[in-house]
Amino acid sequence: CGHFAQIAATMGAAMGLKYSGVDKELDGDIEFWAVPAEEAGEVEWRKSLIDEGKISFLGGKQEFIALGYLDNIDLAMMIHSSSGPDCGIATTSNGFVAKYVHYIGKEAHAGGAPHLGINALNAAEIGLMAINAQRETFKNEDTIRVHPIITKGGDLVNVVPADVRIETYVRGKTMPGVLDASRKVNRALEAGAMAVGAQVEIVEIPGYMPRRNDQMFNDVFEKNLDILVGPEHVRHFQHMGGCSDFGDVQHIIPAIHPYIGGAVGGGHASDYQVADPELMYITAAKSMAMTAIDLLANGAEKALEIKRNFVPVYKSREEYLAAWSELMH
């Protein structure tokens, strides 16, 4: 969904600030980061890396937090591309927990002796249908999203499936809402196993915390968008159903995640492509560079004001890590 545009905009902002010489007039340091693994897909593979002790979280920014890279960072901003000619100021979005689900049955000849097997695929199908039966219990204000995929449905067509695997997120507007829905999803998945006499293993993995864009920081960025594209091309997004590991950053320091237009097609779809490179790359770069100047000019007056007024959910890396540990147990 256009993450390459984040790199282009970051590089453009860095070059503009450096080659113009304006960086010498600013009171503060600016760091430019390229962050891997913003999308928490391939849950089973990333779980294996966690099991091996190579990573602690699914997302790159969370891993940076865990490694202490944000310990001396006061504010953070990034951009994300979006479809259409308009840019957008974001407010909140969903968080989630991830699940890796393994149904274990018993193999048997699918044609000659199916009665001797335990069909793990049937267990999974019942579990998925039971999740669907829970959807009417999800409150609209919690914006719950559950979207499982079967990543393995068995081994051979003539063998009763005994090894079936599912990955899913449970998303929601608040972590209490996510956890409530997560318990219902677990109950549904367990019901599928019970129905056919299979076993099920459900591994829960920390996902992302909901985004909470800092309003004062947003206002600074929006003034620059008004200059660059005109206020008629700046939208104000309400709560969004997607997720980002930047939400975790926003629980610790003031941070913003605005959207810059220039693409066509649907996010996470094969028709998503660049339509307006000037907007998607150059305007994005300018908007971040201009905002950095506004924050750090005049003795970093605006940056210090934003920092002073920000109320963190977690005051330290240790509090953040403890919170995820508590949420998942």
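Reference entry: report on the structure contained in this document. (Residues numbered from 1 in each chain as written. Predicted model: local features only at pLDDT ≥ 70, side-chain atom pairs only at ≥ 80, totals over all residues. Heavy atoms only, no water.)

## Observations regarding the pairing of strand β4 (residues 95-104)
Short version of the rule: The buried label goes to any residue with under 20% of its type's maximum accessible area, the exposed label to any with over 50%, and the partly exposed label to all in between, with areas taken from a 1.4 Å probe on protein chains only. A run of H or I in DSSP becomes a helix once it reaches four residues, and a run of E becomes a strand once it reaches two; helices and strands are each numbered from the N terminus. DSSP calls a pair of strands paired once it identifies at least 2 bridges connecting them.
The buried count for β4 comes to nine of ten residues, which makes it a mostly enclosed element. In the sheet, β4 pairs with strand β7 (residues 163-172) via ten bridges, with the strands oriented antiparallel. Bridging from a neighbouring strand, tyrosine 103 pairs with valine 164 of β7. Sheet topology note: the β4/strand β8 (residues 199-208) ladder contains nine bridges and is antiparallel. Along β8, the bridge assignment pairs tyrosine 100 with valine 203.

## Some thoughts on the pattern of salt bridges
What counts, and what does not: One speaks of a salt bridge when a side-chain nitrogen belonging to Lys or Arg is within 4 Å of a carboxyl oxygen belonging to Asp or Glu.
Within the structure shown, the criterion is met by 14 salt bridges. Between aspartate 51 and lysine 47 there is a salt bridge, with the nearest N and O atoms lying 2.8 Å from each other. In this pair, aspartate 51 and lysine 47 are both assigned in helix α2 (residues 43-51), four residues apart and thus about one turn of the helix distant. Among the ionic pairs, aspartate 163 bridges to lysine 152, the shortest N-O distance being 2.9 Å.

## Focus: the environment of valine 220
Rules: Here a residue-residue contact requires only that any non-hydrogen atoms of the pair lie within 4.5 Å.
For valine 220, the position within the fold is in helix α6 (residues 215-229). In this structure the C-alpha to C-alpha distance between valine 220 and aspartate 294, which are 74 residues apart in sequence, comes to 7.3 Å. Leave out the neighbours within four places in its chain, and valine 220 touches Thr291, Asp294, Lys302 and Ile306.

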